[in-house]
Structures are given as structure tokens and as C-alpha cells.
Amino acid sequence: METLTNLQAKEIVSVNTGARMGYIIDLEIDVDSGLITDIIIGSRSSLGHLFNKREEIIIPWSNIITLGNDVILVE
């Protein structure tokens, strides 16, 4: 079982482009089923900027290809 803390430590990589997309900052969960529906990624360019608005990318859980030890591969 993966915890949110473990998931947040893994970099998100697109299998289509090979681009590093960023890290998980939050999850969307269906309250009725208790299942994760989406992951929310903070873009690489906005991480660490205190006063800038963070750009977010929402990726459906179904687009995750694999959860590796260090990265999460997504379509």
C-alpha cells in the first residue's frame, strides 16, 4: 500500500514525451467509493516559489501506467 507521503516523493513522468511533469501535491477522492479519481501535480516551474501561484495539472488515476520506486509513469 502506498501512502500520500510516499506518492509525493515520486516524480511524475510522461511516457508519451518523457517530460518530467512535477510532483503530486494533492489527490481527488470519490467520497462514495473511497477511491482516488485524480492526482494533482504542481508544475516543475512553479515548485518552490513562495509568492507565485502554483500551476496545477490534473491527471486521471486511470492514466497512471505504473507506480515505480522513484517515479510514476503517466499517459
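Rules behind the numbers
- Residues numbered from 1 in each chain as written.
- Predicted model: local features only at pLDDT ≥ 70, side-chain atom pairs only at ≥ 80, totals over all residues.
- Heavy atoms only, no water.
- Helix = DSSP H or I, 4+ residues; strand = E, 2+ residues; numbered from the N terminus.
- Buried < 20%, exposed > 50% of the residue type's maximum accessible area, 1.4 Å probe, protein only.
- Areas by Shrake-Rupley, 256 points an atom, 1.4 Å probe, with all protein chains shown as cover.
- Pairing = 2+ DSSP bridges.
- Salt bridge = Lys/Arg side-chain N within 4 Å of Asp/Glu carboxyl O.
- Core = buried A, V, L, I, M, F, W, Y, C linked by side-chain atoms within 4.5 Å.
- Contact = heavy atoms within 4.5 Å.

*Asks:* What is the right way to look at the overall build of the protein in this model?
*Replies:* Check the secondary structure of the protein and you find 1 helix and 6 strands. Its helices and strands in sequence order give the protein the pattern α-β-β-β-β-β-β, from N to C terminus. Scored against the burial criterion, the 75 residues of the protein give a buried share of 28%. For the protein, the accessible surface area stands at approximately 5,200 Å², while carbon and sulfur atoms represent 50% of it.

*Asks:* Which parts of the structure should I look at to understand the pairing of strand β2 (residues 20-29)?
*Replies:* Sheet topology note: the strand β1 (residues 11-14)/β2 ladder contains 3 bridges and is antiparallel. What sits directly across from Val13, in β2, is Arg20.

*Asks:* What exactly am I supposed to notice about the pattern of salt bridges here?
*Replies:* Two side chains that carry opposite charge are able to pair once their charged atoms sit near each other. Using the criterion set out here, one finds 2 salt bridges in the structure. Among the salt bridges present, the one from Lys10 reaches Glu2, with a minimum N-O distance of 3.1 Å. Residue classification places Glu2 among the partly exposed positions, given a relative accessible area of 37%. The residue Arg20 makes a salt bridge to Glu11 at a minimum N-O spacing of 3.8 Å.

*Asks:* Mind showing me how you'd approach the nonpolar core here?
*Replies:* Considering soluble globular proteins, one finds that nonpolar side chains tend to be buried as a cluster. Membership of the largest hydrophobic core is limited to 11 residues, which are Leu7, Ile12, Met21, Ile24, Leu27, Ile39, Ile41, Ile59, Ile64, Ile72 and Val74. Those elements that place two or more of their residues in this core are β2, β3 (36-43) and β6 (71-74). At 3 residues, the largest contribution of residues to this core is made by β2.

*Asks:* Explain the environment of Val13 to me, please; I cannot follow it from the model alone.
*Replies:* Mapped onto the elements of the fold, Val13 is located in strand β1. A relative accessible area of 15% means that Val13 is categorised as buried. A sequence separation of 58 residues divides Val13 from Val71, and the C-alpha atoms of the two residues are 6.8 Å apart. With residues near it in sequence (within four places) discarded, Val13 still touches Gly18, Ala19, Arg20, Val71, Ile72, Leu73 and Val74.

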